[in-house]
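Spelled out, the chains give:
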Amino acid sequence: MSEVRLVGISKHYEGSGAARPALERLDLTIPSGELVVLVGPSGCGKSTTLRIVAGLEEPTTGQVLIDDRDVTRVAPAQRDIAMVFQSYALYPHMTVFENLAFALRIRKLADAEIRRRVEEVARSLEIEAYLDRRPRALSGGQRQRVAIGRAVVRQPAVFLFDEPLSNLDAKLRGDMRREIARIHQLTQTTSMYVTHDQVEAMTLADKIVVLKDGTIQQVGSPMEIYDAPANRFVAGFFGTPTMNFLPARAERVNGHLAVRGQGFELAVDAAATASPAAGDVTLGIRPERVTLDERPTAVPLAARVELREVLGAEVVLHLGSPAGELTVRADARAAARPGDALTVWLDPGAVHLFDGRSEQRL
Amino acid sequence: MSAASPAGTRRPSVLAQVATYAALLVVTMAVLYPVLLVCKKAFEPGRQFALSASPMPRDLTLDHFRDLASAEGPHGELLFLRHALNSLVAALATTVVGVVLSCTAAYALSRFRFPGRRAGLTTFLVVQMFPASMLLLPLYVLLDRMGMLNSLVGLVLVYATTAIPFCVWTLKGYFDSLPKELEEAARIDGAGPWRVFFTIMLPLARPGIAVTALFSFMTAWNEFIMASTFMTDETRYTLPVLLQSSVGQYSADWGLFAAGAIVTSLPVMALFYVLQRSLVGGLTSGSVKG
Ligand SMILES: Nc1ncnc2c1ncn2[C@@H]1O[C@H](COP(=O)(O)OP(=O)(O)O)[C@@H](O)[C@H]1O
Ligand SMILES: [Mg+2]
């Protein structure tokens, strides 16, 4: 059980010529035993963060603490961490057994103990049959299992995963995701998991950290992030299809906010927001909260169907409206066809408001 | 890839194949003809190079090889054995020194960033551009000052310094091509720099090392100008010097020369054969993806 703490971490790659640092004043605590997922678009600094925790990169400023021990200048070998690379990074000239045993041999464990631990891990990851093979004789999924096994067998204080599943096909990715969840439940080891895939983030995380351009956008549980995104970027990053964004103007009218867009008007409980008196806003509403049938408190918006995507259990309707483009998740039996005019209903309780300029949640 | 385009998978016509093989045959013969002539001379009686263009000897004899093996020096020592031994010691020592130093240097230049790195790499490249004959005089003076004329140690020193720049560049290129994640994984697994070098990088660089070993060996084994300049004592000759002395200005024995040339080329061929197994690609396959 170990707590990892990043304090004021910045990273500026020397000679990269980039004007913007890869990471800027990052503060983050990964509580003991939790699985924290760092998520964000490519190039936002996820790997850099992980590599700084691993000791593969030195931060330009700031400190890395593991269990209150300052390890900022400590070699990776002395940090008691294990890392799973996106590219697997298996030792190609060693058998699977030797790959798993490598770290244990360095720690000079007895041969019998090494054998016991390697076999136990191999059994739990179902790679026993391949212990004598070289990595090149394994499939992608098997290699990934070996890479995970190599981390697990060490029983480290902290696990680091850098997009471990992004080289796998969709089905394997799901299997391995559950495998990682199972391992985490079993070992309760503090873990940092990097991905650009919001589904992985939602399904695996105790806590999600959303990164963009080297800065933290939001930290929270998956449901907090989904239900109360801190800004427009976070709101748009999570959820499929993405949240609808409609430009509007907000005005404070005795106790509530009147939000007016092209073709709709609704009142939002102002107590919920610390909004200024008036201004441009972006109204966000998730596709599943826009309905085709009338609800008591919902407000109508006239729209026209442009595209209908059938997903089986549901359909996704892409609509054009005076307020802007709109995506709606509807029951598969919904009759709407391209060209149809219809009225959709926006639930004021499900509306997110973002400041028009700063894009922060109001 | 080519499955989509019928043109890419079509087999060449018979005529095209015949033409290809005929061309290859001509080139092969052109390359092998001089070698065959030397072989012919080695087994043919007589000191003169016959003017016949045929690669087949008229008569067969092993006299030249016997002469080669039995030539004696002023104190009755067997010269050929001495020279072969000199060559072997010089070549092996050059190989060992060259490979050991260039492996470590190339790894450092490939993976570490330190002051002087670029300058060092450039220097290695620049010194490659000077022909050996230009360095002959300064090297002679240096070796003389150090008392290393007529010394195998001196010769190895010269050979190793000639071979190392090329070896370093070759090996550096090889180390550069090995995925960085492997080292990082090993470092996280607890390996120190030396263990990473010996247990991860060196085994994976085997093809590169084989190339540089071969190159170092051949640099020393085939070298003539320096050996003939620095080794004035007949017992210190290497095989190329012996070969040259057998076709001296006044008494050219081409039979002896040819026999010597064949014997001299055998170890290089053997080494090639042994090392070719290491000259395989794809050692890192299966290790990283994406
Ligand atoms: N070794 C490096 N040298 C220079 N710039 C780098 C290096 N590694 C990453 N970067 C830059 O830092 C930023 C963050 O990279 P990274 O942490 O790899 O992003 P992510 O893993 O989120 O895709 C990117 O802009 C990238 O170009
Ligand atoms: Mg990355």
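Calculation criteria
- Residues numbered from 1 in each chain as written.
- Chains lettered and ligands numbered in written order.
- Predicted model: local features only at pLDDT ≥ 70, side-chain atom pairs only at ≥ 80, totals over all residues.
- Heavy atoms only, no water.
- Helix = DSSP H or I, 4+ residues; strand = E, 2+ residues; numbered from the N terminus.
- Buried < 20%, exposed > 50% of the residue type's maximum accessible area, 1.4 Å probe, protein only.
- Contact = heavy atoms within 4.5 Å.
- Areas by Shrake-Rupley, 256 points an atom, 1.4 Å probe, with all protein chains shown as cover.
- Pairing = 2+ DSSP bridges.
- Core = buried A, V, L, I, M, F, W, Y, C linked by side-chain atoms within 4.5 Å.
- Domains from an automatic or database assignment.
- Buried area = accessible area lost by both parts, 1.4 Å probe.
- Salt bridge = Lys/Arg side-chain N within 4 Å of Asp/Glu carboxyl O.
- Nonpolar A, V, L, I, M, F, W, Y, C, P; charged D, E, K, R; others polar.
- Polar contact = N/O pair within 3.5 Å; in protein donor to acceptor, adjacent residues only side chain to side chain.
- Disulfide = S-S within 2.5 Å.

*Asks:* Sorry if this is basic, but what is going on with the overall build of chain A here?
*Replies:* From N to C terminus, chain A includes eight helices and 20 strands. Structurally, chain A occupies a C-alpha span of about 75 × 45 × 35 Å along its principal axes. Sorting the 362 residues of chain A into buried and exposed places 53% on the buried side. Across chain A, every contact between residues at least 6 apart in sequence was considered, and the portion connecting residues at least 24 apart equals 66%.

*Asks:* What is the right way to read the overall build of chain B from this model?
*Replies:* Of regular secondary structure, chain B possesses 13 helices and zero strands. Beginning at the N terminus, the succession of helices and strands in chain B can be written as α-α-α-α-α-α-α-α-α-α-α-α-α. Along the longest, intermediate and shortest principal axes, the C-alpha atoms of chain B span 65 × 65 × 30 Å. Buried positions account for 38% of the 290 residues belonging to chain B. Across chain B, contacts joining residues at least 24 apart in sequence account for 68% of those joining residues at least 6 apart. Carbon and sulfur atoms form 70% of the exposed surface of chain B, whose accessible area is close to 16,300 Å².

*Asks:* Would you take a moment to explain the sheet that holds strand β16 (residues 299–310) of chain A for this structure?
*Replies:* By way of backbone hydrogen bonds, the strands of a sheet pair with one another, either parallel or antiparallel. All names here are of chain A. Reading across the sheet, the five strands line up as β15-β19-β16-β17-β18 and stay open at both edges, with antiparallel pairing between neighbours. Each edge of the open sheet is held by one strand with a lone partner, namely β15 (290–291) and β18 (324–331). Where β16 and strand β17 (residues 314–321) come together, six bridges link them in antiparallel fashion. Of the residues in β17, the one forming a bridge with Leu307 is His318.

*Asks:* What exactly am I supposed to notice about the nonpolar core here?
*Replies:* Considering soluble globular proteins, one finds that nonpolar side chains tend to be buried as a cluster. Grouped together as the largest cluster of nonpolar side chains are 62 residues, with contacts concentrated most on Leu160 of chain A together with Phe175 and Ile200 of chain B. Ranked by residues supplied to this core, first place goes to helix α9 (residues 193–204) of chain B with six residues.

*Asks:* I tried to follow the domain arrangement of chain A on my own but got confused; where do I start?
*Replies:* Many descriptions give the size of an interface as the accessible area lost when the pieces come together. Residues and elements named next belong to chain A. The domains assigned to chain A are domain 1 (4–236) and domain 2 (240–355). Contacts between the two partners involve nine residues from domain 1, matched on the other side by nine residues from domain 2. When domain 1 packs against domain 2, the two sides together hide about 790 Å² of surface, and 51% of this comes from carbon and sulfur. It is Tyr226, Arg232 and Ala235 in domain 1 that bury the most area against domain 2; as a group they hold 62% of the surface buried on that side. Taken together, the connections running from domain 1 to domain 2 amount to zero salt bridges.

*Asks:* Is there a simple way to explain the interface of chain A and chain B in this structure?
*Replies:* Residue-level contacts link 29 residues of chain A with 25 residues of chain B. Summing both partners gives a buried area of about 2,300 Å² for chain A against chain B, and 59% of it is carried by carbon and sulfur. Together, Pro92, His93 and Ile106 of chain A form the three largest contributors to the area buried by chain A at its contact with chain B, with a combined 22%. For the pair chain A and chain B, the interface holds two salt bridges. Arg51 of chain A serves as the salt-bridge partner of Glu184 of chain B, at 2.8 Å between the closest nitrogen and oxygen. When residues of the side of chain A that touches chain B are traced back to their parent elements, those giving at least two are α1 (46–54), β6 (81–84), α2 (96–106) and α4 (140–152) of chain A. Across the side of chain A that touches chain B, the residue classes break down as 18 nonpolar, five polar and six charged.

*Asks:* Explanation requested: the domain arrangement of chain B in the structure shown.
*Replies:* All names here are of chain B. Domain annotation for chain B reports domain 1 (14–61) and domain 2 (78–288). Taken over C-alpha atoms, the centre of domain 1 sits 32 Å from the centre of domain 2. Counting residues at the interface gives seven residues for domain 1 and nine residues for domain 2. Surface buried jointly by domain 1 and domain 2 totals about 680 Å² across both partners, of which 69% is contributed by carbon and sulfur atoms. Between Arg47 and Asp253 there is a salt bridge, with the nearest N and O atoms lying 3.6 Å from each other. Counting across the interface, domain 1 meets domain 2 through one residue pair in polar contact (both at pLDDT 80 or more). Class assignment for the residues of the side of domain 1 that touches domain 2 results in four nonpolar, one polar and two charged.

*Asks:* Mind showing me how you'd approach the state of the cysteines here?
*Replies:* Covalent bonding between the sulfur atoms of two cysteines defines a disulfide. Under the definition given, this model contains zero disulfides over all chains. Counting only cysteine sulfurs, Cys167 of chain B is the nearest neighbor of Cys103 of chain B, a cysteine outside any disulfide, at a range of 8.9 Å.

*Asks:* What should I look at first to understand the pattern of salt bridges in this one?
*Replies:* Pairs can form between side chains of opposite charge once their charged atoms are near each other. Residues and elements named next belong to chain A. Taken as a whole, this structure holds 33 salt bridges over all chains when the rule is applied. Among the ionic pairs, Arg249 bridges to Asp280, the shortest N-O distance being 3.1 Å. One end of the pair, Arg249, is in strand β11 (residues 244–253); the other, Asp280, is in strand β14 (residues 278–285), with 31 residues separating them in the sequence. Take Arg249: its relative accessible area is 44%, and that puts it in the partly exposed class.

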